[in-house]
Amino acid sequence: MSEAAPVYCVATVRSWNVLQFERTIRHLPGQWHLIAGQADLTLEKLQAIGPKAIFFPHWNWKVPDQIVSAFECVAFHAAPLPYGKGGSPIQNMIERGFEQTKLTAFRMNAGFDNGDIYLQRDLSLAGSAHDIFLRMAELTASMIGEMIREWPTPVPQVGEAMTFKRRRPEQSRLDGSKTLARLHDHIRMLDAPEYPRSFIEIGNTRIEFSNAELENGALRATATFRKIEP
């Protein structure tokens, strides 16, 4: 009698990860389930599915401890842990002048971004935030495929620890005193769907910027004007 195919779950809320699930991950060996909302991530539903592992490419909420302790939960974080724990890792890495980061797959535990590491792979920080997220979704799918082929032994985090603070919407405001290169970084690192784009405000008008290009000493970007609601 043949052994039943292993069951896996992917929990994510970003459209680019859902697209990559449909394009790639669901066709990997095994039975695959997509969890795309907080209401579907419950202990009871997961117990009914019985996954060997749950992968979290992007999740907006704390995973309940009862789920973390009951299942193998694998998170993905766009920083070379233990450097870069915390929120907004891509924006924080770019803001610090990095051109490349690591996508880290690590075992979730009761702590915060401090679980043992399964894999780390290079991730370019070139282009807009949306470009980076698409690239990261493809890399995530590749890493998941790598993991289920030969499950790696996780190793403790070592090295310099640094914790980032999650960015606040008001931090998207452009600072005109910065160099053109830094302004370019500021615009592109926020240029993705569902993210608060870089902006300036003139009177009751808010001007948001996207599609930034820096060439021949000039910075060009698309400007979108919106009236500020009173």
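Further up the page is the structure itself.
Residues numbered from 1 in each chain as written. Predicted model: local features only at pLDDT ≥ 70, side-chain atom pairs only at ≥ 80, totals over all residues. Heavy atoms only, no water.

Within the largest apolar cluster, 37 residues are counted, with the highest numbers of intra-cluster contacts made by I25, W32, F55, F76, I90, A105 and I144. Going through the elements one at a time, β1 (7-12), α1 (15-23), β3 (53-58), β4 (73-77), α4 (89-95), β6 (100-107), β7 (117-124) and α5 (129-149) are the ones with two or more residues in this core. The biggest single contributor to this core is α5, with 11 residues. Residues within four places of A105 in sequence aside, it is in contact with V74, A75, F76, I117, Y118, L119, M143 and M147. Counting 19 residues, the second largest nonpolar core, distinct from the first, contains A11, L43, V68 and F106. (Core = buried A, V, L, I, M, F, W, Y, C linked by side-chain atoms within 4.5 Å. Buried < 20%, exposed > 50% of the residue type's maximum accessible area, 1.4 Å probe, protein only. Helix = DSSP H or I, 4+ residues; strand = E, 2+ residues; numbered from the N terminus. Contact = heavy atoms within 4.5 Å.)

This brings us to the layout of surface pockets. Over the atoms rolls a probe the size of a water molecule, and in doing so it shows where empty space is left. Volume-wise, the largest pocket comes out at about 1000 Å³. For the largest pocket, the lining is made up of 44 residues, of which H58, W59, H77, G86 and R166 are closest to its centre. Sorting the residues of the lining of the largest pocket by element identifies β3, α3 (65-70), β4, α4, β6 and α5 as the ones contributing at least two each. Taken together, the residues of the lining of the largest pocket sort by class into 22 nonpolar, 14 polar and 8 charged. (1 Å grid on protein atoms, 1.4 Å probe; cavity = no way out; pocket = protein on both sides within 12 Å on 5 of 7 lines; lining within 4 Å. Points joined across faces, edges and corners; volume = space filled by probe spheres on them. Nonpolar A, V, L, I, M, F, W, Y, C, P; charged D, E, K, R; others polar.)

A word on empty space enclosed by the protein. Overall, the coordinates contain 1 cavity of 30 Å³ or more when judged by the stated rule. Quantified by volume, the largest cavity comes out at close to 30 Å³. For the largest cavity, the full set of lining residues is V10, T12, N17, Q20, I25, P57, A137 and T140. If you list the elements that add at least two residues to the lining of the largest cavity, you get β1, α1 and α5. Considered class by class, the residues forming the lining of the largest cavity number 4 nonpolar, 4 polar and no charged.

Here we come to the packing of aromatic side chains. Using the criterion set out here, one finds 12 aromatic pairs in the structure. With 4.7 Å between their ring centres and 25° between their planes, Y8 and W32 make a pair best called stacked. Residue Y8 is located in strand β1, and its partner W32 is located in strand β2 (residues 31-35); the two are separated by 24 residues in the primary sequence. Note on Y8: relative accessible area 2%, which makes it buried. Considering the side-chain rings of W16 and F133, the 4.9 Å spacing of their centres and the 0° angle between planes classify their relative orientation as stacked. In this pair, W16 sits in helix α1 while F133 sits in helix α5, placing the two residues 117 residues apart along the sequence. Classification of F133 as buried rests on a relative accessible area of 3%. Members of the aromatic cluster, connected to one another through ring pairs, are Y8, W32, F55, F76, Y118 and W151. Across the ring face of F199, the terminal group of R206 is positioned such that the distance to the ring centre comes to 3.6 Å. (Phe/Tyr/Trp six-rings, centres within 6.5 Å; stacked < 30°, edge-to-face > 60°. Lys NZ or Arg CZ within 6 Å of the ring centre and 35° of its normal.)

Within the secondary structure, S128 sits in the loop between β7 and α5. With residues near it in sequence (within four places) discarded, S128 still touches R188 and D191.

Moving on: the pairing of β1. The element β1 is largely enclosed, with a buried count of 6 among its 6 residues. The alternating pattern of β1 places V7, C9 and A11 on one face and Y8, V10 and T12 on the opposite face, and all of these are buried. One ladder, built from 5 bridges, connects β1 with β2; its direction is parallel. From the neighbouring strand, A11 faces β2, where its bridge partner is I35. Note on the crossover from β1 through α1 to β2: the handedness is right-handed. (Pairing = 2+ DSSP bridges. Right-handed = clockwise from strand over helix to strand, strands pointing away.)

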